[in-house]
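Chain residues, written in single-letter form:
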Amino acid sequence: MPNPGLNITLQRESEEPLYRQLIARIREQIDSGDLPPGRRLPASRNLARRLGISRISVVNAYSELRAAGYLSARAGRGTFVARERIAAPEASAESPQRSPRQDRRRAAAIRDMMRLARKPGVIDFSSGSPPSEFFPVSYLQDALNQVIDRDGAAALSYEAAEGYLPLRSAVRDYVRAIGIQCRLDDVLITGGAQQAIDLVLQSLLSPGDTLVTADPTYLGVMDIAQARRVHIHGIPIDDDGIRIDTLENIIGDLRPRLIYVMPSYQNPTGHLMPMHRRRQLARLAARHGIPVLEDEVYREFRFEGEELPPLKALDDSGVVIHTNAFTKVLLPGIRIGYLIAGEAYNERLSRVKQAADISTSGLHQRAIHLLLERGVLAQQLERNRIELRRRRVAALAAAQRYFPAGSKWFSPQGGLYLWVELPEGGPSAAETFIAALQRDAAFAIGGLFYSGDGGGHAMRLNFGIHRPAAIEEGFGRIGAAWRALAAEVGGLEAGVVL
Ligand SMILES: Cc1ncc(COP(=O)(O)O)c(C=O)c1O
């Protein structure tokens, strides 16, 4: 179908990269009304041929325009001028807060891209999953059979909202061993850490309240906040985690109702919060009486460095709530996690838990309990540690070999992720993502993890999920994709090694 409105001339001798010129020309025509809402754009292959540029340039331009709300894509039908347009990211960059609609549009555009990573043959570093080849599948099978033989219908009935008692006491003993003083009443079994976070938000915050977290942060907490109509305020991080000076100012200005942190091997950056920062944070929260939710789902993935106490172990005033789960360390699909709260919160939390799903599967709680009793968790942790350390070595070596000069990363002491910042002058993470996908490799785009703007050149790579040979191959593909793009779009400082 002809596109009467689309009239594009690119300046090849200009210093501005071709795909940026393409973005600017399409935007101008949308803004002027020459391209009206609903108008279909040419397929990327056709436009690329017509303009004599590569298809990647057109795909990247369309993708940025989609992310900015100028275009929309309909599966199998093509790319169209959006019917209801939102402000471009450049405009929003002037104000630190994006509108909820912009957030949703941007998140949807990025998530669309991430879905593409699931196609067969892609070496996918984008997920948050632990290595599945070590899942204790046969142990679980035995445990389920034994639980049913032993408890019969009781294992399949409604469980108490707070959880299966023997599992609760095993959790109490487990957290006491890491310094958390708690009673049985303080332990609430949840459907993974994800539900634990949701229950805390539902119990402690009302729509319109503010939750403070690090920027970047766990994507799932932003999803929950959005669903619960809670504002998120992101605080910048330094090498030690969330910045206390900024946090203190924000507490004064915004009176947040909750602070959410991941002290151990933070998702997405992999940072470990050192002891002095943990103390500062616990003291600050106690002084202002603001609850802190510490999410420790990566705590047990420590393969280097000393073990640090959780924030809850440093908390004398009862403001810290601790969550962890048996998902990452054992089986993500058996949705068992827990909250360790305290007298001030217990009752509210179990009421909200009951309203959410009555109780977490009693069968699964019993099976996990049996796995703990049989030492399967301890064995699993040891195996994970050895393997993750090996994979981290492979990831660092491959990053060094394949990622462009000027990229930055640090060596994580635990967790699953390598956080890489690509050189600012070169292709963005979103552009690299699309180009990498065409070479069958994927990662999580850094911007996804920011509540404000940021992360445009950052990638989160789950090295834990792949064997060293796949890490080598996958990082190689990503590096090659970046180089091909950089060579095509130019815009790099002379002397940068392509
Ligand atoms: C920081 C963090 N918290 C919570 C979760 C969710 O964990 P679960 O599977 O226990 O619900 C994830 C999963 O990626 C995570 O990264």
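What follows concerns unusual backbone geometry. A cis amide bond, omega 10°, links Asp215 with the succeeding residue Pro216. Mapped onto the elements, Pro216 comes out in the loop between strand S5 (210–215) and helix H9 (219–227). In this structure, Pro268 follows Asn267 across a cis peptide bond, with omega equal to 20°. Turning to its location among the elements, Pro268 is positioned in the loop between strand S8 (258–261) and helix H11 (275–288). Despite not being glycine, Arg229 shows a phi value in the positive range, around 55°.

Next up on the list: helix H1 (residues 18–32). For H1, built from 15 residues, the straight-helix expectation of 21 Å at 1.5 Å per residue is met to within 8% by its first-to-last C-alpha distance of 21 Å. Along H1, the residues that are buried comprise Leu18, Tyr19, Gln21, Leu22, Ile23, Ile26 and Ile30. Where H1 ends, the next residue or the one after it, Gly33, has phi of about 90°, a positive value.

Turning our eyes to something else, we now look at helix H13 (residues 362–373). For H13, with twelve residues, the first-to-last C-alpha span of 16 Å sits near the 16 Å given by 1.5 Å per residue. Of all twelve residues making up H13, ten are buried, and the element is well covered by its neighbours. Gly362, Leu363, His364, Gln365, Arg366, Ala367, Ile368, His369, Leu370 and Leu371 are the residues of H13 that are buried. Elements in contact with the buried residues of H13: helix H6 (137–151), helix H7 (165–176), strand S4 (187–190) and helix H14 (376–402). Remark: Gly375 follows H13 within two positions and exhibits a positive phi of approximately 80°.

Turning next to the site of the ligand. The ligand sits among 14 residues. The nearest are Gly128, Gly192, Gln194, Ala325 and Thr327. In terms of residue count, the dominant contributor to the shell around the ligand is helix H8 (residues 192–204) (three residues). Across the shell around the ligand, the residue classes break down as six nonpolar, seven polar and one charged.

What follows covers the sheet that holds strand S12 (residues 417–421). Ordered by their spatial adjacency, three strands build an open sheet running S12-S15-S14, and the pairing between neighbours is antiparallel. Whereas interior strands pair on both sides, the edge strands pair on one side only; in this sheet they are S12 and strand S14 (444–445). Taken together, the five bridges between S12 and strand S15 (residues 458–462) define a ladder with antiparallel strand orientation. When the sheet's bridge partners are listed, Leu418 is paired in S15 with Leu461.

So, on to the packing of H8 against H9. Running from N to C, H8 and H9 cross one another at 40°; their axes reach a closest spacing of 10 Å. As summarised for this structure, H8 and H9 are arranged oblique, according to the angle between their axes. Two packed elements cross with a definite hand, and for H8 against H9 that hand is right-handed. Together, Gln194, Ile197, Asp198 and Leu201 of H8 and Gly220, Val221, Ile224 and Ala225 of H9 make up the contact between the two elements.

Attention now moves to the pairing of S8. Neither face of S8 is exposed, since Leu258 and Tyr260 on one face and Ile259 and Val261 on the opposite face are all buried. Bridging between S5 and S8 involves three bridges; their strand directions are parallel. Pairing of Thr213 across the sheet is with Tyr260, part of S8. Where S8 and strand S9 (residues 292–295) come together, three bridges link them in parallel fashion. Bridge pairing in S9 links Tyr260 to Leu293. In this region the chain leaves S8, passes through H11 and returns to the parallel neighbour S9; the handedness of that crossover is right-handed.

The rules behind each value
Residues numbered from 1 in each chain as written. Predicted model: local features only at pLDDT ≥ 70, side-chain atom pairs only at ≥ 80, totals over all residues. Helix = DSSP H or I, 4+ residues; strand = E, 2+ residues; numbered from the N terminus. Expected span 1.5 Å × (residues − 1). Buried ≥ 20, exposed ≤ 12 C-beta atoms within 10 Å, placed from the backbone. Contact = placed C-beta atoms within 7 Å. Near = placed C-beta within 6 Å. Nonpolar A, V, L, I, M, F, W, Y, C, P; charged D, E, K, R; others polar. Pairing = 2+ DSSP bridges. Axes fitted to C-alpha atoms, helices over the stretch in contact; angles between N-to-C directions. Parallel < 35°, antiparallel > 145°, perpendicular 65-115°, else oblique. Left-handed = near helix turned anticlockwise from the far one by under 90°. Right-handed = clockwise from strand over helix to strand, strands pointing away.

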